[in-house]
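Letter by letter, the chains look like this.
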Number of protein chains: 2
Amino acid sequence: MTNEADRKFIELAFAEAKKSADAGGLPIGAVLARGETVLACGHNQRVQQSDPIAHGEMDCLRKAGRQTTYRDTTLYTTLSPCMMCSGTIVQFKIPRLVINDTQNFGGNEDFLREHGVEVIDAAHDASIQMMRAFIANNADLWNEDIME
Amino acid sequence: MTNEADRKFIELAFAEAKKSADAGGLPIGAVLARGETVLACGHNQRVQQSDPIAHGEMDCLRKAGRQTTYRDTTLYTTLSPCMMCSGTIVQFKIPRLVINDTQNFGGNEDFLREHGVEVIDAAHDASIQMMRAFIANNADLWNEDIME
């Protein structure tokens, strides 16, 4: 279940995704929070920085800098995490993940749950619609981002 | 089995690890190569750039920029990859991984092999000795890097 802080950060992750779209990038955003406190926001930087590892989740974790622990944090992402980002969530021991969109990409939710991560599908309609339109209009860039 | 190019890049990854050590960072380096051509070298940047996602492998992949495909590449790393880096290798569809040191860290080799990655343990003695000494002398930094 999502709480009030979750609902705020789901919208903040979506705003990050829109920011990336406005800059010509992939519209995928993320937020790392400790309770009601935002530690960092980030978004996909493949186009903007020619950086293939800067998925939304990774850019967000980079911007959060060196944290002593992630065990009291929640990661919010507009799109279900790929295997890179899922491996990172497990390695960083992030216990809770809120996903806006599991329709346009997914498949690693079971891997995450098997490693003890609480995975919440927020089914955020605006995120789902934006990603669906992006993929339809930018198939090459989308396939590059997921290395297909 | 390793070939002549492998043996060159095993040493190059070790040189990257030493470069990081000389800069006060974690002594872990990586090389991405396409056959006999180096695409990028990298090393851990946690200390140097306060970047928790910049493990050696990740820094190397970042520096290689946007590649059309990784299916004809080999990744060399001085230390067996953590779950973040292992997930990345799988997501990027890197088919071949050469590891200098599986003694001081490991455990994800089976995950990689299950996902079709050829994993070669080069058992590079100088890498093993350097990492062993680093962990003994820098337990806090090492534990931070693997989020323990």
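Please refer to the structure higher up on the page.
Let us look at the structure shown here. On a predicted model such as this, the values are computed, not experimentally measured, just so you know. (Residues numbered from 1 in each chain as written. Chains lettered and ligands numbered in written order. Predicted model: local features only at pLDDT ≥ 70, side-chain atom pairs only at ≥ 80, totals over all residues. Heavy atoms only, no water.)

1. Topic: the pairing of strand 2 (residues 37-43) of chain A
Move 1: Pairing between strand 1 (residues 29-34) of chain A and strand 2 of chain A: 6 bridges, direction antiparallel. From the neighbouring strand, Gly 29 of chain A faces strand 2 of chain A, where its bridge partner is His 43 of chain A. (Pairing = 2+ DSSP bridges. Helix = DSSP H or I, 4+ residues; strand = E, 2+ residues; numbered from the N terminus.)

2. Re the relation of the copies chain A and chain B
Move 1: For the pair chain A and chain B, the superposition axis carries a translation of 0.0 Å, the fit reaches an RMSD of 0.0 Å, and the rotation angle comes to 180°. Expressed as an axis order, the relation between the two copies is that of a two-fold axis. Looking at the rotation axis and the C-alpha trace of chain A, the residue lying nearest is Gly 87 of chain A, at 2.4 Å. (Least-squares fit on C-alpha atoms with pLDDT ≥ 70 in both.)

3. Things to note about the sheet that holds strand 3 (residues 74-77) of chain B
Residue and element names in this part refer to chain B.
Move 1: Taking strand neighbours across the sheet as the criterion, the 5 strands line up as 2-1-3-4-5 in an open arrangement whose pairing is mixed. Edge positions in the sheet fall to strand 2 (37-43) and strand 5 (118-121), since each of these pairs with one other strand and no more. Neighbour to neighbour, the strand axes of the sheet diverge by 15° on average, direction disregarded.
Move 2: Of the strand pairs in this sheet, strand 1 (residues 29-34) and strand 3 are connected by 4 bridges, and their pairing is antiparallel. Looking at the pairing, Leu 32 lines up with Leu 75 of strand 3.
Move 3: On top of the sheet, helix 3 (residues 56-63) reaches strand 1, strand 2 and strand 3; it is set at about 130° to strand 2, its chief contact. (Axes fitted to C-alpha atoms, helices over the stretch in contact; angles between N-to-C directions. Contact = heavy atoms within 4.5 Å.)

4. Some points on the sheet that holds strand 4 (residues 96-99) of chain A
Residue and element names in this part refer to chain A.
Move 1: Strand order in this open sheet of 5 strands is 2-1-3-4-5, and the pairing throughout is mixed. Sheet topology places strand 2 and strand 5 (118-121) at the edges, where each strand pairs with a single neighbour. Along the sheet, successive strands turn relative to each other by an average axial angle of 15°, direction set aside.
Move 2: Where strand 4 and strand 5 come together, 4 bridges link them in parallel fashion. The residue of strand 5 that forms the bridge with Val 98 is Ile 120.
Move 3: Sheet strands in contact with helix 3 (residues 56-63) are strand 1, strand 2 and strand 3 (74-77), and its direction is about 130° off that of strand 2.

5. What to know about the pattern of salt bridges
Move 1: This model, assessed by the stated rule, comprises 22 salt bridges over all chains.
Move 2: The closest approach of N and O atoms between Arg 46 of chain A and Asp 145 of chain A, which form a salt bridge, is 2.7 Å. A residue pair is termed long-range when its members are at least 10 positions apart, and Arg 46 of chain A in helix 2 (residues 46-49) and Asp 145 of chain A in helix 7 (residues 139-145) qualify at 99 residues. For the pair Arg 46 of chain A and Asp 145 of chain A, one class covers both residues: buried.
Move 3: In this structure, a network of salt bridges that share partners links the residues Arg 46, Glu 144 and Asp 145 of chain A together with Arg 66 of chain B. (Salt bridge = Lys/Arg side-chain N within 4 Å of Asp/Glu carboxyl O. Buried < 20%, exposed > 50% of the residue type's maximum accessible area, 1.4 Å probe, protein only.)

6. A word on helix 3 of chain B
All names here are of chain B.
Move 1: Along helix 3, 7 of the 8 residues are buried, which leaves the element largely enclosed by surrounding structure.
Move 2: What helix 3 keeps buried is the set Gly 56, Glu 57, Met 58, Asp 59, Cys 60, Leu 61 and Arg 62.
Move 3: In the segment just after helix 3, Gly 65 is the residue with positive phi, at about 70°.

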